[in-house]
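The primary structure of each chain is shown beneath.
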Amino acid sequence: MDKLIIEGGIALNGIVKAGGAKNSVLPLMAATILAEGSHQFSNVPHLRDVITMQRLLTHLGVASELTNNNLHLTSNGLQSHDAPYDLVKTMRASVLVLGPLLARWGKARVSLPGGCAIGARPIDLHLDALKKMGAQIEIKEGYVEATASKLKGAEIQFNIVTVTGTENIMMAAALAEGTTILKNAAREPEVVDLAHYLIKMGAEIEGAGTGTIVIRGMQNLKPAAHTVIADRIEAATFLIAGVITGGEVTVENCPPFLLETLLQHLKKSGCKIKTDSESITVSASERLKSIDIATSPFPGFVTDMQAQFMALMSLARGTSRITETIFENRFQHALELKRLGADISVEGHTAIVKGVEKLSGAPLMATDLRASASLILAGLAAEGTTIVDRAYHIDRGYEKIEEKLTLLGAKISRTNQ
Ligand code: EPZ
């Protein structure tokens, strides 16, 4: 099992480039099912999840090749409408092929994703919306079996903001008959990026980035080319790597608007923030102040940065209350941070983080993607050696993380002993 070995206590300084967004490229890849021909994406990160989605799409009939962060996909006829469990169980985002398969081919058999470390993460909102659009849906032997002669536009109100739910229905609606209105839609930049690509493919979409998205269905769509937006979570993780170790890191290729709320919180805790149109620099001249955060859908404090922010607050001055409102079990990193000497107690959806003067290295176990990022950040700040086991989690969402951290001065290596 891959392990990362970190010699902590070294201030990280320098410039790192943000890669393309994992949570944008995955729906973009699913969208290629909607249109026959050759799709081109640039700024695509080499990640485990991208490879998993390539495997799933190949199985369905969309061949692809990823070289030097350029992804070329050729969408031919349907090979299969079946997204098998062994692929879906490793990546929940596989559910994103459901809408496109139904819209383009009128049928889909997609394994239910099952639970995951951070919560139950059902897909009921996806299914209810597709039913409203005329799909017949059954759950059989752990699979969603869906058919639709022709999806119809509908008015859909999500009672919870769902990112992939919004994306799935936006893609389904792009080829439906008539107009679909999505209310309480997700506003994430990755939703907007997908809408931009669908529009390039010929879709008629208004309101992406707001709570109400209107999609007028087309007879057919055509393939196009697109540059994936920056990964705001990767960028924020590296910015915190600088400030948690007492250094100064600049992330390039990442427009600051993607991280507005996070930067406001870093500033409130005492960080110095410098920005220009495509880069962000964060540093701190003294120990940070503890501040409270509560995660919420964009433009609120992004849940995918909650674990990394907890690592930062574990060394701040005072007490920080961190409330996770999106997922019901996204505090597993807290138990591991305590092994480094962090003072954290969890009460329901809130973690109380009492800042300590220092952390000391220890062997840790990663449980999920963003928890592993949190443990790496804490290990970089801790004195002594930290070993993060099950490092494969980190590879799902961070391209070449050791290389990028080493460029900033970190002492980090990987072993599979
Ligand atoms: C997306 O997951 C992201 N993944 C997640 O990033 C991110 O944490 C999450 O949005 C929230 O921002 C991708 O985009 C591939 P949701 P998603 O549907 O779409 C509940 C990472 O680390 N819900 O917005 O699966 C759900 O249980 C990953 O990169 C239902 O109840 O999340 C959760 O509590 C982790 N029924 C809440 O809504 C549904 O049908 C938000 O989930 C759908 C969701």
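Residues numbered from 1 in each chain as written. Predicted model: local features only at pLDDT ≥ 70, side-chain atom pairs only at ≥ 80, totals over all residues. Heavy atoms only, no water.

Student: Any chance you could break down the nonpolar core for me, citing the residues and the numbers?
Tutor: The biggest cluster of nonpolar side chains holds 75 residues, and the ones touching the most others in it are Val97, Met133 and Leu198. Formed by 71 residues, the second largest nonpolar core is a distinct cluster that contains Ala241, Met310, Leu312 and Ile412. (Core = buried A, V, L, I, M, F, W, Y, C linked by side-chain atoms within 4.5 Å. Buried < 20%, exposed > 50% of the residue type's maximum accessible area, 1.4 Å probe, protein only.)

Student: Give me the lowdown on the pattern of salt bridges, citing residues and values where you can.
Tutor: One pass over the full model with this rule turns up 20 salt bridges. Salt-bridge contacts for Arg232 lead to Glu190; the nearest nitrogen and oxygen are separated by 2.8 Å. Here the residue Arg232 occupies a position in helix H8 (residues 232–244), and Glu190 occupies one in helix H7 (residues 189–200), the gap between them amounting to 42 residues. Owing to a relative accessible area of 7%, Arg232 belongs among the buried residues under this scheme. On the basis of relative accessible area, Glu190 is assigned to the buried category, the value being 5%. (Salt bridge = Lys/Arg side-chain N within 4 Å of Asp/Glu carboxyl O. Helix = DSSP H or I, 4+ residues; strand = E, 2+ residues; numbered from the N terminus.)

Student: Break down helix H11 (residues 332–339) for me, citing the residues and quoting the values.
Tutor: Because an α-helix completes one turn every 3.6 residues, residues spaced three or four positions apart along the sequence face the same direction. Turning to H11, its buried residues number three or more, namely His333, Ala334, Glu336 and Leu337. One side of H11 holds all its buried residues, which, seen down the axis, span an arc of 165°. Packed against the buried residues of H11 are helix H10 (306–313), strand S20 (343–347), strand S22 (363–365) and helix H12 (369–381). Gly341 lies just past H11 and shows a positive phi near 105°. (Arc of directions from axis to C-beta. Contact = heavy atoms within 4.5 Å.)

Student: Break down the packing of aromatic side chains for me, citing the residues and quoting the values.
Tutor: Scanning the model with the defined rule gives two aromatic pairs in all. Ring centres of Phe41 and Tyr197 lie 4.9 Å apart, and the angle between their planes is 70°; on these two criteria the pair is classed as edge-to-face. Within this pair, whereas Phe41 is found in strand S3 (residues 37–42), its partner Tyr197 is found in helix H7, the two being separated by 156 residues in sequence. You can call Phe41 buried: its relative accessible area is 1%. An angle of 75° between the planes, with centres 5.3 Å apart, marks the rings of Phe301 and Phe309 as edge-to-face. The ring of Tyr143 carries Arg109 above its face, with NZ or CZ at 3.7 Å from the centroid. (Phe/Tyr/Trp six-rings, centres within 6.5 Å; stacked < 30°, edge-to-face > 60°. Lys NZ or Arg CZ within 6 Å of the ring centre and 35° of its normal.)

Geometric values such as these leave the question of function open.
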